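Structure assessment
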Amino acid sequence: MAIESKISALIEAYQRLSRANRSFIEHGCSTDAFRNLVEQRDLVKEDLSILTQQLVAAMAKRFPDHPFTCSSMAEAVRTLSVLTPELEDSCNRLRSALKELLDSDHEVEKTISTLKEEIKVELGRIRQGSKGLKGYRQVESLGSCFINKIK
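Okay, a negative patch on the surface next. Residues Glu39, Asp42, Glu46 and Asp47 make up a contiguous surface patch of negative charge. Residue classification places aspartate 47 among the partly exposed residues on the basis of a relative accessible area of 35%.

This is the structure:
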């Protein structure tokens, strides 16, 4: 079934993004790891738009009498679950994969905000330390020595 294979491909794409998010969190959050995560997300997002278009095209081919005005994957899945009850299980798996992705996105967001706060605290310590170092700097006394010798 062509529609079911498109749904399976969408599920795999969402699961791939979720795994990338978990890997980012588990292996430490560095700038390079974040850059790789963003690049991977961009590639998968391109695939998702193509897969959604293919899903809508397969739906139009299977149900030629139904006018499909699906502009997003969510609308397509909602329409599919109504038109073909036998695909309800696949639609539910797709919904759960999307929910898993959203949950992992929130975890990545929390991790990044935590890192951001830690960086702010560390910058504050560094600034405070540099202020303390300025207090110990020796006063330059060369100016007064020369003036005393000239007089």
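Another point: the packing of aromatic side chains. With the rule as written, the count across this model stands at 1 aromatic pair. Plain terms: the ring middles of phenylalanine 24 and phenylalanine 34 are 5.9 Å apart, the flat faces sit at 55 degrees to each other, and that makes the pair tilted. Of the two residues, phenylalanine 24 is situated in helix α1 (residues 2–26) and phenylalanine 34 in helix α2 (residues 31–62); the sequence distance between them amounts to 10 residues. On the basis of relative accessible area, phenylalanine 34 is assigned to the partly exposed category, the value being 35%.

Attention now moves to the pattern of salt bridges. For the structure shown, the criterion picks out 9 salt bridges. Across the pair aspartate 32 and arginine 35 runs a salt bridge, and its minimum N-O distance is 2.9 Å. Of the two residues, aspartate 32 and arginine 35 are both situated in helix α2; the distance of 3 residues between them amounts to about one turn of the helix. Assessed through its relative accessible area of 49%, aspartate 32 is described here as partly exposed. Between aspartate 103 and lysine 99 there is a salt bridge whose closest N-O contact spans 3.2 Å. Taken together, the residues span about one helical turn, with aspartate 103 and lysine 99 both in helix α4 (residues 88–135) at a distance of 4 residues. For aspartate 103, a relative accessible area of 35% puts it in the partly exposed group.

Okay, the side chain of threonine 52 next. Turning to its location among the elements, threonine 52 is positioned in helix α2. For threonine 52, a relative accessible area of 14% translates into the label buried. Looking at threonine 52, its side chain comes within polar contact range of the main-chain oxygen of leucine 48, at 2.8 Å. Setting aside residues up to four positions removed in sequence, threonine 52 forms contacts with Leu10, Ser72 and Met73.

Before going further, it helps to spend a moment on the side chain of asparagine 21. Inspection of the secondary structure puts asparagine 21 in helix α1. Excluding anything up to four places from it in sequence, asparagine 21 contacts Leu37, Arg41, Leu101, Ser104, Asp105 and Val108.

Parameters at a glance
- Residues numbered from 1 in each chain as written.
- Predicted model: local features only at pLDDT ≥ 70, side-chain atom pairs only at ≥ 80, totals over all residues.
- Heavy atoms only, no water.
- Patch = residues over 30% accessible without salt bridge, like charges linked within 9 Å, V, L, I, M, F, W, Y side chains within 5 Å.
- Areas by Shrake-Rupley, 256 points an atom, 1.4 Å probe, with all protein chains shown as cover.
- Salt bridge = Lys/Arg side-chain N within 4 Å of Asp/Glu carboxyl O.
- Lys, Arg positive; Asp, Glu negative; His and termini not counted.
- Charge placed at Lys NZ, Arg CZ, Asp CG, Glu CD.
- Buried < 20%, exposed > 50% of the residue type's maximum accessible area, 1.4 Å probe, protein only.
- Phe/Tyr/Trp six-rings, centres within 6.5 Å; stacked < 30°, edge-to-face > 60°.
- Helix = DSSP H or I, 4+ residues; strand = E, 2+ residues; numbered from the N terminus.
- Polar contact = N/O pair within 3.5 Å; in protein donor to acceptor, adjacent residues only side chain to side chain.
- Contact = heavy atoms within 4.5 Å.

Such coordinate-based values are descriptive only and should not be taken to indicate function.
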